[in-house]
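What the coordinates show
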Amino acid sequence: MLGKDVDITRNTVNVAMSMVIDKGKLSETEWLRLYGGIYLEAIFERMGNR
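Here is a short report on the structure shown in this document. These figures come from a predicted structure and were not determined experimentally. Along every chain, residues carry numbers that run from 1 in the direction the sequence is written. Two thresholds apply to this predicted model, a pLDDT of at least 70 for residue-level local features and 80 or more for giving and counting side-chain atom pairs, whereas whole-chain, interface and lining totals are computed over all residues. In computing side-chain values, all of the structure's heavy atoms are included and hydrogens and water are not.

1. Things to note about the packing of aromatic side chains
The description of two aromatic rings rests on the distance between their centres and on the angle between their planes. Selection criterion: A pair of Phe, Tyr and Trp rings is counted when the ring centres sit within 6.5 Å of each other, with Trp represented by its six-membered ring. The angle between the planes then sorts it: under 30 degrees is stacked, over 60 is edge-to-face, the rest tilted. By definition, any uninterrupted DSSP run of H or I lasting at least four residues is a helix, any uninterrupted run of E lasting at least two residues is a strand, and each is numbered from the N terminus.
Under the defined criterion, the tally for this structure stands at one aromatic pair. Here tryptophan 31 and phenylalanine 44 contribute two aromatic rings whose centre-to-centre distance is 5.5 Å and whose plane-to-plane angle is 65°, an arrangement assigned as edge-to-face. With tryptophan 31 in helix H2 (residues 28-33) and phenylalanine 44 in helix H3 (residues 37-48), this residue pair connects regions lying 13 residues apart in the sequence.

Below you can see the structure in the form of structure tokens.
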């Protein structure tokens, strides 16, 4: 369970998706620039591993 609630907006997901499509795999620094990016990174990795 997460220590703090994080609301990730649809826009944040759209920006992350665009970045992944444009660049492929993102660096940790790029994920950290996005609000909630650390959580999105885990979700994107799981989606890619299936």
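Once you've had a look at it, read on.
2. Description of the pattern of salt bridges
Keep this limit in mind: Salt bridge, as used here, is a side-chain nitrogen of Lys or Arg placed within 4 Å of a carboxyl oxygen of Asp or Glu. Partly exposed residues are those whose accessible area sits between 20% and 50% of the maximum for their type, while under 20% is buried and over 50% is exposed, using a 1.4 Å probe and protein chains only.
Inspection of every chain in the model, using the stated rule, returns one salt bridge. The salt bridge involving lysine 23 is made with glutamate 30; its shortest N-O contact spans 2.8 Å. Overall, the relative accessible area of 53% leaves lysine 23 in the exposed class. You can call glutamate 30 buried: its relative accessible area is 13%.

3. Quick notes on the environment of tryptophan 31
This is how it is decided: The contact criterion used is simple: two residues touch if any of their non-hydrogen atoms lie within 4.5 Å.
Using a relative accessible area of 4% as the deciding quantity, one classes tryptophan 31 as buried. Spatially, the C-alpha atom of tryptophan 31 lies 8.1 Å from that of alanine 16, the residues being 15 residues apart in sequence. In contact with tryptophan 31, other than residues within four places in its own chain, are Ala16, Val20, Leu26, Gly37, Ile38, Leu40, Glu41 and Phe44.

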